Amino acid sequence: MSKVMTAAEVVGSLSDGMTIGIGGWGSRRKPLALVRAICRSALRDLTIVAYGGADVGLLCAYGKVGKVVAPFVTLDSIPLEPHFRKARQNGTVSFVEYDEGMFMFGLLAAAHRLPFMPTYAGLGSSVLEVNPSLRTIRSPYGGEEVVAVPPLTMDVALVHMDRADRRGNALYLGPDPYMDDLFAKAATRTYVSCERLVDTPDLLKEGPVQSLLISRAHVTGVVETPGGAHFSSCGPDNTRDERFQALYAKSAADPAAWAEFQERFLSGDEAAYQDAVQQWREQP
Amino acid sequence: MTASRAEICVVACAEAFRGDGEIVAAGLGGTCALAGTRLARLTFEPDLLTTNGEAYLTGDVPPLGGRSEVTEGWLPFRDHLWLVLNGRRHVMMGASQIDRYGNQNMSVIGDWARPKSQLLGSRGAPGNTRVNTTSYWVPKHSPRVFVPSVDFVSGVGWDRGAHEIRVVVTNLGVFDFATSDHRMRLRSLHPGVTVDEVVAATGFDLEIPAAAPESRQPTDEELRLIREVIDPRGLRDREVPS
């Protein structure tokens, strides 16, 4: 059964106030075509769960976010995400700040349907002070104190893969799976965007079986979005578009420049975005 | 050959990893931290494992900003986070603020609820410091960084259950915690730096030994490795101008 959808159909299935997990890491393999589609929608008050990058920044810039759950928000080669900074400094989003390892254990707990996962990460730090709902427990064996990280459950996960078939089996071709499979297993519904749809017999033509990261058992919808991770990195071929990312960050720091950036790149649909980026490459 | 200040810093960062053996040396704090892990591996700690900044453990030691030709292992982010708990890792991070016990902040400046400046977020600092040996690299030693009290504890210090905060290397000197209650101590001054300069750039009382030694000079071979093999593009000088 085909689960192929459009980005607009994915966004149409979401509702205000939902908790949405977003795969990738920093400015790496982010499902930004789906994020851009959310930016064009009327959705609001979303809780975003992510190893954050421009996904979090764009959604903050478009007023879609009520709460961010993350251990960081960064563009990697540009350390600070300007829109997220602004949102935090203006007090327009609330923030649940985790350690990176705590965050992964939260995903693991959710993926395994466990009530918590124990870890030392977080003990002694302000992360526990600003998250008063987090509890520590004593090991029933040796008595050591550990943080009981609750499951990072989510209504929907959005991830971007290099290839997928029409039923939602998906593989990655880059060096790192990030936590995308854990997001898919933690979520009630997962939508996969991909660089290219292929027939199931062709899935393993480009990668080994271990690169089949996501199973159709966890996938509700598949969207073909070539360049859909732009400007973050994707696969072996699409390195991060550093020049475009620099333009994004520079524009984000100034209201007039940001209005211009929005008009030029984000005022139309995904095809218009990809065209505008292509034109900018030829004539910045 | 005369070493630049940046080259003194690279050697001081490398020295932080002396004796570590066959563990992952993660130089996350900046150019000199990364160069230091590579210099240590090419000289006195040949068993160290180092990464390309992404998911590869490199079998060679590529130049900064250059490509590795040999891969000896796979360390995606999920395994990096596993390794933190496993413990075979020494991380050298940066710090927006650090206090006398080595508590570090990279999250926010000001009140966390409504920050004056939102920085990176805690990243892996809480776990790194609680379970791994941690050092810090601070390219610009100033009272804005060396503060009496950090605005947010991202990385925990000695008084909050750190596994081991080994050294803090800055553009002015090397600092450790070899005092009775693990307060920060001046270990060595970089050539040309005075105690007064360090005191003026530090926002809390440092333990100052009666005669502070000078940070060691690179050997000729180390200078050659830094200049020709590790950092032929001179990225270190952008981080620590001479």
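Because the structure is predicted, anything quoted here is derived from the model rather than measured. (Residues numbered from 1 in each chain as written. Chains lettered and ligands numbered in written order. Predicted model: local features only at pLDDT ≥ 70, side-chain atom pairs only at ≥ 80, totals over all residues.)

Undergrad: Is there a simple way to explain the overall build of chain B in this structure?
TA: Secondary structure summary: chain B contains 7 helices and 12 strands in total. Its C-alpha radius of gyration of 17 Å places chain B within 12% of the 18 Å reference for a compact globule of 242 residues. Dimensions along the principal axes, computed over C-alpha positions, put chain B at roughly 45 × 45 × 35 Å. Taking all 242 residues of chain B together, 53% fall into the buried category. In chain B, the share of contacts with a sequence separation of at least 24, taken over all contacts with a separation of at least 6, comes to 66%. (Helix = DSSP H or I, 4+ residues; strand = E, 2+ residues; numbered from the N terminus. Rg over C-alpha atoms; globule rule 2.2 N^0.38 Å. Buried ≥ 20, exposed ≤ 12 C-beta atoms within 10 Å, placed from the backbone. Contact = placed C-beta atoms within 7 Å.)

Undergrad: What exactly am I supposed to notice about the interface of chain A and chain B here?
TA: Buried accessible area, meaning the area lost when the parts come together, often serves as the stated size of an interface. Taken together, the 33 residues of chain A in the interface contact 31 residues of chain B. Of all the elements in the fold, those that place two or more residues in the side of chain A that touches chain B are helix H4 (82-89), helix H5 (100-112) and helix H6 (126-130) of chain A. Element by element, the count of residues in the side of chain A that touches chain B is highest for H4(A), at 4 residues. Of the residues contributing to the side of chain A that touches chain B, the split by class is 18 nonpolar, 9 polar and 6 charged. (Nonpolar A, V, L, I, M, F, W, Y, C, P; charged D, E, K, R; others polar.)

Undergrad: Looking at this model, I keep getting lost on the packing of helix H8 (residues 242-252) of chain A against helix H9 (residues 255-266) of chain A. Mind explaining?
TA: Residue and element names in this part refer to chain A. The interhelical angle for the contact between H8 and H9, taken along N-to-C directions, is 135 degrees, at an axis separation of 7 Å. Judged by the angle between their axes, H8 and H9 are oblique. The residues of H9 that touch H8, namely those facing Tyr248, Lys250, Ser251 and Ala252, are Ala257, Trp258, Glu260 and Phe261. For the contact of H8 with H9, the class distribution of residues is 5 nonpolar, 1 polar and 2 charged. (Axes fitted to C-alpha atoms, helices over the stretch in contact; angles between N-to-C directions. Parallel < 35°, antiparallel > 145°, perpendicular 65-115°, else oblique.)

Undergrad: Help me out: how do you make sense of the domain arrangement of chain A in this one?
TA: In terms of domain boundaries, chain A breaks down into domain 1 (1-114 + 151-242), domain 2 (115-149) and domain 3 (243-282). Put simply, the middle of domain 2 of chain A and the middle of domain 3 of chain A, counted by C-alpha atoms, are 43 Å apart. (Domains from an automatic or database assignment.)

Undergrad: Help me out: how do you make sense of the environment of A:Ser15 in this one?
TA: Summarising the element assignment, A:Ser15 is placed in the loop between helix H1 (7-12) and strand S1 (19-22). Taking C-alpha positions, A:Ser15 is 8.0 Å from A:Arg44, a pair spaced 29 residues apart along the chain.

Undergrad: Mind showing me how you'd approach the pairing of S1(A) here?
TA: The side chains of a regular strand alternate, residue by residue, between the two faces of the sheet. All names here are of chain A. Sheet topology places S1 next to strand S2 (residues 46-50); 4 bridges connect them, and they run parallel. Note on S2: the bridge partner recorded for isoleucine 22 is alanine 50. The handedness of the S1 to S2 crossover, carried by helix H2 (residues 32-39), is right-handed. (Pairing = 2+ DSSP bridges. Right-handed = clockwise from strand over helix to strand, strands pointing away.)

Undergrad: Whenever I open this one, the sheet that holds strand S4 (residues 89-93) of chain B confuses me. Can you help?
TA: Adjacent strands of a sheet form backbone hydrogen bonds with each other and so pair up, either parallel or antiparallel. Residues and elements named next belong to chain B. The sheet built from 6 strands is open, its strands ordered S1-S4-S9-S10-S11-S12 with mixed pairing. Edge positions in the open sheet fall to strand S1 (24-27) and strand S12 (185-189), since each of these has one partner strand only. The mean angle between the axes of side-by-side strands here comes to 20 degrees, regardless of whether they run parallel or antiparallel. By the bridge criterion, 4 bridges tie strand S11 (residues 173-176) to S12 in an arrangement that is antiparallel.

Undergrad: Would you mind showing me how to read the sheet that holds strand S6 (residues 135-138) of chain A here?
TA: Residue and element names in this part refer to chain A. Ordered by their spatial adjacency, 3 strands build an open sheet running S5-S7-S6, and the pairing between neighbours is antiparallel. The open sheet has two free edges, formed respectively by strand S5 (117-119) and S6, since each of these has just one partner strand. Each adjacent strand pair in this sheet contributes to an overall mean axis angle of 45 degrees, direction not counted. Summarising the sheet, S6 and strand S7 (residues 145-149) pair through 4 bridges and their orientation is antiparallel. Opposite threonine 136, over in S7, you have valine 147 as the bridge partner. Running over the sheet, H5 touches S5 and S7 and is turned about 160 degrees from S5.

Undergrad: Looking at this model, I keep getting lost on the nonpolar core. Mind explaining?
TA: Generally speaking, nonpolar side chains in soluble globular proteins are found buried as a group. In terms of nonpolar packing, the biggest core is built from 149 residues, with A:Leu107 and B:Cys13 touching the most fellow members. Broken down by element, the residue count for this core peaks at 9 residues, all from H5(A). (Core = buried A, V, L, I, M, F, W, Y, C linked by C-beta atoms within 7 Å.)

Undergrad: Please clarify how the environment of A:Ile78 should be interpreted in this entry.
TA: All names here are of chain A. Take isoleucine 78: it is sitting in the loop between strand S3 (65-70) and H4. Judged by the 17 C-beta atoms lying within 10 Å of it, isoleucine 78 falls in the partly exposed class. Sequence-wise, isoleucine 78 and glutamine 245 are 167 residues apart; in three dimensions their C-alpha atoms are separated by 8.4 Å. Those residues in contact with isoleucine 78 that sit more than four places away from it in its chain are Gln245, Ala246 and Ala249.

Undergrad: Explain unusual backbone geometry to me, please; I cannot follow it from the model alone.
TA: Negative phi is the rule for most residues except glycine; trans is the rule for most peptide bonds. For the peptide bond that leads from A:His230 to A:Phe231, omega is 15 degrees, which places it in the cis range. Checked against the element boundaries, A:Phe231 lands in the loop between strand S12 (221-224) and H8. Although it is not a glycine, B:Arg123 sits at a positive phi angle of roughly 50 degrees. On the neighbour-count criterion, B:Arg123 (23 C-beta atoms within 10 Å) is buried.

Undergrad: Could you clarify how one ought to interpret the pairing of S4(B) in this entry?
TA: Residues and elements named next belong to chain B. Most of S4 is tucked away, with 5 of its 5 residues classed as buried. Of the strand pairs in this sheet, S1 and S4 are connected by 4 bridges, and their pairing is parallel. Considered in S4, the bridge of alanine 25 is made with histidine 90. As paired elements, S4 and strand S9 (residues 133-138) share 4 bridges and run parallel to each other. Bridge pairing links valine 91 to threonine 134 in S9.

Undergrad: Is there a simple way to think about helix H3 (residues 54-61) of chain A in this case?
TA: Since the α-helix advances by 3.6 residues per turn, residues separated by three or four positions end up pointing in the same direction. Residue and element names in this part refer to chain A. The buried fraction of H3 amounts to 8 of the 8 residues, a majority that puts the element mostly inside the structure. Buried residues along H3 sit against S1, H2, S2, S3, H4 and H8. Backbone geometry just downstream of H3 places glycine 63 in the positive-phi region, at approximately 70 degrees.

Undergrad: How should the confidence of the model for chain B be read in this particular structure?
TA: Close reading of the predicted structure is inappropriate where its pLDDT is low. Overall, the prediction assigns chain B a mean pLDDT of 97, with 100% of residues at 70 or greater. Interface scoring of the predicted complex returns ipTM 0.96; its pTM is 0.97. (pLDDT = per-residue confidence, 0-100.)

Undergrad: Is there a simple way to think about the packing of helix H1 (residues 5-15) of chain B against helix H2 (residues 31-42) of chain B in this case?
TA: Residue and element names in this part refer to chain B. Relative to each other, H1 and H2 sit at 60 degrees, their axes nearing to 7 Å. Overall, the two elements H1 and H2 adopt an arrangement that is oblique. For the element pair H1 and H2, the recorded crossing hand is right-handed. In this structure, H1 contributes Ala6, Cys9, Val10, Val11, Cys13 and Ala14 to the contact, and H2 contributes Cys32, Ala33, Ala35, Gly36, Leu39 and Ala40. (Left-handed = near helix turned anticlockwise from the far one by under 90°.)

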